[in-house]
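Each chain is listed here by its residues.
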Amino acid sequence: MFREAPLYANKEMLILVSATSTCDPGDIFSTISEIKNLKITCSVISLSGRNHIFKVKISFNIEI
Amino acid sequence: MLPTENKQDIKNWDIQLISNSIEQAFETHEKSSLALLQKKAELDKVSSFQKSLNLIRYLYVAIDCSSYMKSLDYKPNRFLSTLNSLRAFIPSFFDKNPLSLLALGVMFEGFSKQITEFSQNANLHLEALKDLKIYEDKEISIQNALEVFVF
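In this report, we go over the structure that sits alongside the text. (Residues numbered from 1 in each chain as written. Chains lettered and ligands numbered in written order. Predicted model: local features only at pLDDT ≥ 70, side-chain atom pairs only at ≥ 80, totals over all residues.)

To continue, consider the interface of chain B and chain A. Listed as interface residues are 31 residues of chain B and, on the opposing side, 29 residues of chain A. The biggest single contributor to the side of chain B that touches chain A is strand 1 (residues 57-64) of chain B, with 8 residues. In terms of residue class, the side of chain B that touches chain A is made up of 18 nonpolar, 7 polar and 6 charged. Examined bridge by bridge, strand 1 (residues 10-17) of chain A and strand 1 of chain B share 7 bridges and lie parallel to one another. (Contact = placed C-beta atoms within 7 Å. Helix = DSSP H or I, 4+ residues; strand = E, 2+ residues; numbered from the N terminus. Nonpolar A, V, L, I, M, F, W, Y, C, P; charged D, E, K, R; others polar. Pairing = 2+ DSSP bridges.)

Printed below as a string of structure tokens:
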């Protein structure tokens, strides 16, 4: 859906998580690198605890 | 006509006045420029992320609906507290950025699904929040949520 959005728009994603683990069908880091190429900012609010994957995403916010 | 000495005195006096005023002006200018610089530094401190925000924002909110949401450390419930905070957040988001769009999605049982399409209608999102429920599976996948968002 974000490919339909115009280029000048600021694309953001907010994830509200309470689970401590994720089960993914493939490699997360490839999708994360795609998101980085599309300049989408992701931010996570975790109710339970800190996770390594969330930290990776937080570093994207700072880079963009 | 004034004598020449008096004229020179007057001139000197004028020059002194002017120089004093210029010094004062410089001092005030320095102070004001210092204040401006301090303000600029404060603005730089605000955050690079807030500066980078455009006028039009596309925000996608993915909500976790796994059974971890049942735990009671947030009152009355993790799920209900997140729903309450979203009910407060959505109207304030459209008040602050009137040209931006918002969409909601859920994550459950390893899948992820988009509930509402991108729209500026706050009531649509608030009504969609009423239909949410907790699934009895502990697994969610963040990669699926990201891919729903991107593709």
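The next point concerns the packing of helix 1 (residues 28-37) of chain A against helix 5 (residues 142-150) of chain B. In contact at an axis separation of 10 Å, helix 1 of chain A and helix 5 of chain B are set at 30° when each is read in the N-to-C sense. As the angle between them shows, helix 1 of chain A and helix 5 of chain B are arranged roughly parallel. The crossing of helix 1 of chain A and helix 5 of chain B is left-handed. Across from A:Ile28, A:Thr31, A:Glu34 and A:Ile35 in helix 1 of chain A, the residues of helix 5 of chain B making contact are B:Ile142, B:Gln143, B:Leu146, B:Glu147 and B:Val150. Residues of the contact of helix 1 of chain A with helix 5 of chain B, tallied by class, amount to 5 nonpolar, 2 polar and 2 charged. (Axes fitted to C-alpha atoms, helices over the stretch in contact; angles between N-to-C directions. Parallel < 35°, antiparallel > 145°, perpendicular 65-115°, else oblique. Left-handed = near helix turned anticlockwise from the far one by under 90°.)

The next thing to look at is the nonpolar core. Among the nonpolar cores identified, the biggest contains 28 residues, and A:Met13, A:Ile15, B:Ala62, B:Ile63, B:Met107 and B:Ala145 are the most heavily contacted of them. Ranked by the residues each element gives to this core, the list is headed by strand 2 (residues 101-108) of chain B, at 6 residues. With residues near it in sequence (within four places) discarded, B:Met107 still touches B:Ala62, B:Asp64, B:Cys65, B:Ser112, B:Ile140 and B:Ala145. (Core = buried A, V, L, I, M, F, W, Y, C linked by C-beta atoms within 7 Å. Buried ≥ 20, exposed ≤ 12 C-beta atoms within 10 Å, placed from the backbone.)

Let us look at the packing of helix 3 (residues 78-96) of chain B against helix 4 (residues 122-130) of chain B. Residue and element names in this part refer to chain B. Two numbers describe how helix 3 lies on helix 4: the axes approach to 10 Å, and their chain directions differ by 170°. Overall, the two elements helix 3 and helix 4 adopt an arrangement that is roughly antiparallel. Along its contact with helix 3, which presents Leu83, Leu86, Arg87, Ile90, Pro91 and Phe94, the element helix 4 presents Ala122, His125, Leu126 and Leu129. Tallied by class, residues from the contact of helix 3 with helix 4 come to 8 nonpolar, 1 polar and 1 charged.

Moving on: unusual backbone geometry. For residues besides glycine, phi is generally negative; the peptide bonds are generally trans as well. All names here are of chain B. With omega at -5°, the peptide bond leading from Lys75 into Pro76 counts as cis. Within the secondary structure, Pro76 sits in the loop between strand 1 and helix 3. Despite not being glycine, Glu109 has its phi angle at roughly 50°, a positive value. The residue Glu109 is located in the loop between strand 2 and strand 3 (111-114) in this model.

These values are about where atoms sit, not about what they do.
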